[in-house]
Amino acid sequence: PSCEGSGDRWNRLGTISDAPDFDASADAEALYNAMKGIGSDKDAILDLVTSRSNAQRQEVISAYKSSFGKDLIDDLKYELTGKFERLIVSLMRTPAYHDAKEIHDAIKGAGTNERCLIEVLVSRTNKQIHDMVAAYKDAYGRDLEEDVIADTSGHFKKMLVVLLQGTRDESGVVNADLVEQDAQDLYEAGEAQWGTDEAKFIMILGNRSVTHLRMVFDAYEKIAEVSIEDSIKSELSGDFERLMLAVVQCIRSVPMFFAKRLYKSMKGLGTADNTLIRIMICRSEIDMLDIRECFRLRYEKSLYNMIKVGKISQLSHTPSIFLQCTADFSLAGEFFPEAAQLAYKMWEISSMTKVPTVRPASGFDPAADAQALRKAMKGFGTDEDAIIDIVAQRSNAQRQEIRQTFKSLLGRDLMKDLKSELSKNLERLIIGLMLTPAEFDAKMMRKAMEVTEENVPTELFCTIISVATVIRCSFYGAAYKKSLEDAIQSDTSGHFCRILVSLTQGAREEGPADMERALADAQELADACNADSDDMEMKFMSILCTRSFPHLRKVFQEFVKCSNKDIEQIIKKEMSGDVKNAFYAIVRSVKNQPSYFADRLYKAMKGLGTDDRALIRIMVSRSEVDLFNIRKEFKETHDASLHEFIQGDTSGDYPAEKTLLILCGGED
């Protein structure tokens, strides 16, 4: 394989195209025969409609009327029922009339489907908007803008009206001075002032070109030191916040936007059938293959398989049509590198801003805290709430001051007192919070070695930087009179042992990517894929265990160009066991570390029982690093807040639940 050459533009490939040897009259007759008599041949209707492009379906509609003097869509509505009728009839409409029908359904009657309005209006081109507005007028005899204004309010309404004009600049021309000005204007409209100038956000995000806005977002991040998405989340709220975030997502990548919408439509109990149907139909001839690849990269599962195993209410025929729309050719080697490159760009942006949920307490007084903790543990019984309120709402550095002050003022060891007064998960939590990060990780590692829990060293060493590794190794040796390297070698074996030993050396480089070296590293990894498994794993170890995370992110991008595959695909296919899990953890951490930990938290709490140790370990260790980012990824991926999950999973253990919820830092 070669690293030379790679496309920068999207393939823009759909999964449905013109059928060869098309005969509109024959199709019209086949549909007529499928509907005549008692009952309908649904399979025949399904097979025919889903194997024709939309343009061909319009020819079939005309041929049907010419041959039988009847309206095909009216006959389909009469013969079919429920969601299957909605699906087939939607496929028969032109894209403009399909969009018009979706918008009409979203705003008619009591209540408004704001999410449908957002999805349709933020993702369409100017021409698609104009065609939809005309189709709405033709179908319903009403003005779409007037109906939207009557059914919405505030800044949400204003932005929808802007989008309905279909006047976004599509010239592709970028003025560098205007990029900087727009970025500065957005900063001054939000982060730089008390309150928010929503009109400025509406004007810029509603009118500038896609290329221009991508550059604005990069410039904004340099000025504000946070992403435009984070600013929108902090400055805006409600439907207006959701609308503006959707605009930004579509500016960055329309396929990724729809991948997220599809995942949410199928995640959890039940399926949002109308959303699923709408997206699969409207994107099937445009960019469904790009969406499919974004879906795999974002959620590490196949869209094809998720639809295949999912249950779609009242719609037994739906899986077959959607499987056709998402036909998964990845096993045959088909891969869309443009989707991967975009995903890496988005991960790079998200890695720039880490937000903790626990910060230093203002007005901190270690003596007062030490006295309060002593009071909470003195006499009969223990005031657990008082202990939780102090320990969980101080930074780790402040807790160390409290430990020292407790001994200086009272001549007692705070850790021993806490251990004697607390028990079970609350003891684990409070003691974990009182330990330094190095003490805590060393203790977690020691526990893992005692019970041979391989996922703990994998999680700890595959996700931290060199300086932290050296500190943890040193503390482990001092605390347990045995080097961590010796402990690992006595408890693990083979390549997994070598990986962990390599990581314990603290030899991972720091700093940005070296582009020339990244190209060479990517080529070496690609060449190693053709070697035997031992040589392959050793080569992967030599690069993945020593290069900096920013550098590895570039290596993985170049690897896509070299091999036309993502590094994760290779690891999952060619490796197994603990070695696979270790390399997988490194790759996930390089790509999107908060997503990795969000997934670990989800697995710790889902199903029967809770992995309390994993839950406590992650919540304690990430609370002052990036737990807010993890929280956001959890919500994005699992469509439920981390706060809700903790409440539902720890409801029988109030003290531990309270502590974890304080660390969580709020509900999304």
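Residues numbered from 1 in each chain as written. Predicted model: local features only at pLDDT ≥ 70, side-chain atom pairs only at ≥ 80, totals over all residues. Heavy atoms only, no water.

1. Points about the overall build of the protein
The line we're drawing: Helical segments are the DSSP runs of H or I of at least four residues, strand segments are the runs of E of at least two, and each set is numbered from the N terminus. Three exposure classes are used, based on accessible area relative to the maximum for each residue type with a 1.4 Å probe and protein chains only: buried under 20%, partly exposed in between, and exposed over 50%. Calculation of accessible area relied on Shrake-Rupley with a 1.4 Å probe; when residues are assessed, cover is drawn exclusively from the protein chains displayed.
Of the regular secondary structure elements, the protein holds 40 helices and 0 strands. The proportion of buried residues among the 668 residues of the protein is 53%. For the protein, the exposed surface amounts to about 28900 Å²; the carbon and sulfur share of it is 49%.

2. Some remarks on the packing of helix α32 (residues 515-528) against helix α33 (residues 533-544)
Put simply, the test is: Simply put, an axis is a line fit to the C-alpha atoms, just over the touching stretch for a helix, and the angle between two N-to-C directions goes from 0 to 180 degrees. Under this scheme an angle from 65 to 115 degrees is roughly perpendicular, one under 35 degrees roughly parallel, and one over 145 degrees roughly antiparallel; angles in between are oblique. Less than a right angle of anticlockwise turn of the near helix away from the far helix marks a crossing as left-handed, whereas a clockwise turn marks it as right-handed. Here, residues are in contact when the closest pair of their heavy atoms is within 4.5 Å.
Between α32 and α33, the shortest axis-to-axis distance is 9 Å and the interhelical angle comes to 160 degrees. By the angle class used here, α32 and α33 are roughly antiparallel. Seen from above, α32 lies across α33 with left-handed handedness. Of the residues in α33, those touching α32 at Asp521, Glu524, Leu525 and Ala528 are Met536, Lys539, Phe540, Ile543 and Leu544.

3. What to know about the confidence of the model for the protein
A low pLDDT means the predicted coordinates there should not be read in detail. Applicable threshold: Values of pLDDT, the confidence the predictor places in each residue, fall between 0 and 100.
Looking at the protein, the pLDDT average stands at 86 and 87% of residues meet or exceed 70. Note on residues 1-11: pLDDT is under 50 here. Beyond four places in sequence and across chains, it has 29 contacts. This model gives residues 328-335 a pLDDT under 50, and the stretch forms 17 contacts once residues within four places in sequence are excluded.

4. A look at the environment of Thr125
Within the secondary structure, Thr125 is located in the loop between α7 (114-123) and α8 (126-140). When the C-alpha atoms of Thr125 and Arg168 are compared, they prove to be 8.3 Å apart, with 43 residues separating the residues in sequence.

5. With respect to the packing of helix α31 (residues 494-504) against helix α36 (residues 577-605)
Just so we agree on the cut-off: Any residue that is not Ala, Val, Leu, Ile, Met, Phe, Trp, Tyr, Cys, Pro, Asp, Glu, Lys or Arg is counted as polar, Gly included; the first ten are nonpolar and the last four charged.
Packing of α31 against α36 brings their axes to within 7 Å, and their N-to-C directions diverge by 30 degrees. As judged from the angle between their axes, α31 and α36 are roughly parallel. Handedness of the crossing formed by α31 with α36: left-handed. Contacts between α31 and α36 involve His495, Phe496 and Ile499 from the former and Asp578, Val579, Ala582 and Phe583 from the latter. Looking at side-chain class alone, the contact of α31 with α36 contains 5 nonpolar, 1 polar and 1 charged residues.

6. Let's talk about helix α34 (residues 549-563)
Two residues of an α-helix separated by three or four positions point the same way, owing to the 3.6 residues in each turn. Selection criterion: Here a helix's expected span is defined as the number of its residues, less one, multiplied by 1.5 Å.
Taking 1.5 Å of rise per residue, 15 residues should cover 21 Å, and α34 covers 21 Å from first to last C-alpha, within 8% of that figure. Most of α34 sits out of view: 12 of its 15 residues are buried. Listing the buried residues of α34 in full gives Phe549, His551, Leu552, Arg553, Val555, Phe556, Gln557, Glu558, Phe559, Val560, Cys562 and Ser563.

7. Notes on the packing of aromatic side chains
Cut-off, in case you're wondering: In this analysis, rings of Phe, Tyr and Trp, with Trp reduced to its six-membered ring, are considered paired at centre separations within 6.5 Å, and the interplanar angle assigns stacked below 30 degrees, edge-to-face beyond 60, and tilted for intermediate values.
Enumeration over the complete set of coordinates arrives at 14 aromatic pairs. With 5.2 Å between their ring centres and 55 degrees between their planes, Tyr136 and Tyr140 make a pair best called tilted. One end of the pair, Tyr136, and the other, Tyr140, are both in helix α8, 4 residues apart, so they sit about a helical turn from each other. When its relative accessible area of 25% is taken as the criterion, Tyr140 is described as partly exposed.

8. Remarks on the nonpolar core
Generally speaking, soluble globular proteins have nonpolar side chains that are buried together. The following threshold applies: Among the buried residues, those of types Ala, Val, Leu, Ile, Met, Phe, Trp, Tyr and Cys that are joined through side-chain atoms within 4.5 Å form a nonpolar core. Where each domain begins and ends follows an automated or database-derived domain assignment.
Core analysis: the largest hydrophobic core is formed by 93 residues, its most contacted members being Phe540, Phe583 and Met619. For this core, the element with the most residues is α36, which contributes 14 residues. Two domains share this core, each providing at least three of its residues, namely domain 5 (366-373 + 382-434) and domain 6 (515-591). In contact with Phe583, not counting residues within four places along its chain, are Ile499, Glu537, Phe540, Met541, Leu544, Ile571 and Met575. Core analysis: the second largest hydrophobic core is formed by 68 residues, Ala100, Ile118, Phe217 and Leu243 among them.

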